[in-house]
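# Descriptive structure summary
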Amino acid sequence: MPGIVNPKSIPQSYREANKDRRAEFEIYDIFYEKVHDQQIDLEVFYNNNFKGKNLEGQNFDGEADFIICTQEEIIILEVKGGLISCEDGEWFTTTLHGNKKKLKESPFVQLRNNKYKIKNILYEQLSNHNSSINESNFPLRFLDVMCFPDTSRNKEIEDIAESGNLVLFKEDREFLVQKLLAHVTQEKRPNSYLRPDISFKKALRSLFKPTLGPKLSEHIEAIKAQINNAEVFLKKHLEILENVKKAHFSGGAGTGKTYLAINKTKDLIKQGKKVLF
């Protein structure tokens, strides 16, 4: 049975515009060659943004580089390009051009968190189909795999890896798919299968429709930058208004009229003046 890789292609223009994802694209190309062209029975989802609620009802969101399905397992695979190192508990990546950057958290912590978030939203999706489905009744197998495609095999990093993690390095690139399949076989354990009319793959397809847009974190950073720029712009206008006794502002929704009015009101109240607002 032929394998499936989603999305079906990555345009060159998108690759050029997102050079920071080079390592991910290279892993995607390996999957496409091995899974699609050689018809290995795997289903691969690339570039997955997700959101949901945890057991306490709190909202969460995240992003997973690759989600890979076999007939019985779900593999969460994260890719960290560049030369990866861990120094006194802090993680860094150094680009091929020598630029060193600190990572926000341990790649293994990120991988573990993504695995449990994806597990939560998948079970929620399945329980929407049938309320009797839960992890106790139908324990699906979730495996986590960390891939450092630019970093040569490193014993120190392997020792840091959490129990059950498969860690892939530069030397493993050529045999990436074979290593994954071998890991699945090695970690085999008894499973309770879903009824034929309930497919976790179908649920995954409905949850993860890979697109080649910006990652969720990139969206958030862009919005934060826009908010910061807007606040700087509006604060400058407040400074201009400091000695202005009369002014008229007009503009469309969301342009900052109320923001200016409220903050100007606060300034006048601090000065002991009465304000009608």
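Procedures and definitions
- Residues numbered from 1 in each chain as written.
- Predicted model: local features only at pLDDT ≥ 70, side-chain atom pairs only at ≥ 80, totals over all residues.
- Heavy atoms only, no water.
- pLDDT = per-residue confidence, 0-100.
- Helix = DSSP H or I, 4+ residues; strand = E, 2+ residues; numbered from the N terminus.
- Salt bridge = Lys/Arg side-chain N within 4 Å of Asp/Glu carboxyl O.
- Buried < 20%, exposed > 50% of the residue type's maximum accessible area, 1.4 Å probe, protein only.
- Pairing = 2+ DSSP bridges.
- Axes fitted to C-alpha atoms, helices over the stretch in contact; angles between N-to-C directions.
- Phe/Tyr/Trp six-rings, centres within 6.5 Å; stacked < 30°, edge-to-face > 60°.
- Lys NZ or Arg CZ within 6 Å of the ring centre and 35° of its normal.

This part covers the confidence of the model for the protein chain. Confidence in the prediction for the protein chain averages 82 pLDDT; 87% of positions are at 70 or higher. Across the protein chain, element-level confidence peaks in strand S6 (residues 90-94) with a mean pLDDT of 95 and bottoms out in helix H7 (residues 216-241) with 68.

This part is about the pattern of salt bridges. Counted under the stated rule, the structure contains 15 salt bridges. The closest approach of N and O atoms between aspartate 144 and lysine 115, which form a salt bridge, is 3.2 Å. With aspartate 144 in strand S8 (residues 141-147) and lysine 115 in helix H3 (residues 107-129), this residue pair connects regions lying 29 residues apart in the sequence. Each member of the pair, aspartate 144 as well as lysine 115, carries the same accessibility label: buried.

Take the sheet that holds strand S5 (residues 83-87) next. Pairing is antiparallel in the open sheet, where 3 strands are placed in the order S5-S6-S7. With partners counted over all chains shown, the strands left at the sheet margins are S5 and strand S7 (100-102), one partner each. Direction aside, neighbouring strands of the sheet carry axes that sit 30 degrees apart on average. Taken together, the 3 bridges between S6 and S7 define a ladder with antiparallel strand orientation. Its bridge partner lying in S7, threonine 94 is registered against lysine 100.

Counting across every chain of the model gives 9 aromatic pairs. Ring centres 6.5 Å apart and planes at 75 degrees place the aromatic pair phenylalanine 25 and tyrosine 46 in the edge-to-face group. Placement of the pair is phenylalanine 25 in helix H2 (residues 22-37) and tyrosine 46 in strand S2 (residues 43-53), with a sequence separation of 21 residues. Looking at tyrosine 46, the relative accessible area reads 0%, which means it is buried. Joined through ring pairs, the aromatic side chains of Tyr14, Phe25, Tyr28, Phe31, Tyr32, Tyr46 and Phe66 make up one cluster. Over the ring of phenylalanine 92 we find lysine 100; its NZ or CZ atom is 4.8 Å from the centre of that ring.

Time to look at the pairing of S6. Along any regular strand the residues' side chains alternate between the sheet's two faces. For S6, the tally of buried residues reaches 4 of 5 residues, placing the bulk of the element in the interior. In terms of strand pairing, S5 meets S6 through 5 bridges, oriented antiparallel. From the neighbouring strand, isoleucine 84 faces S6, where its bridge partner is threonine 93. Here S6 hands over to S7 after 5 residues, with glycine 98 in that stretch at a positive phi of 95 degrees.

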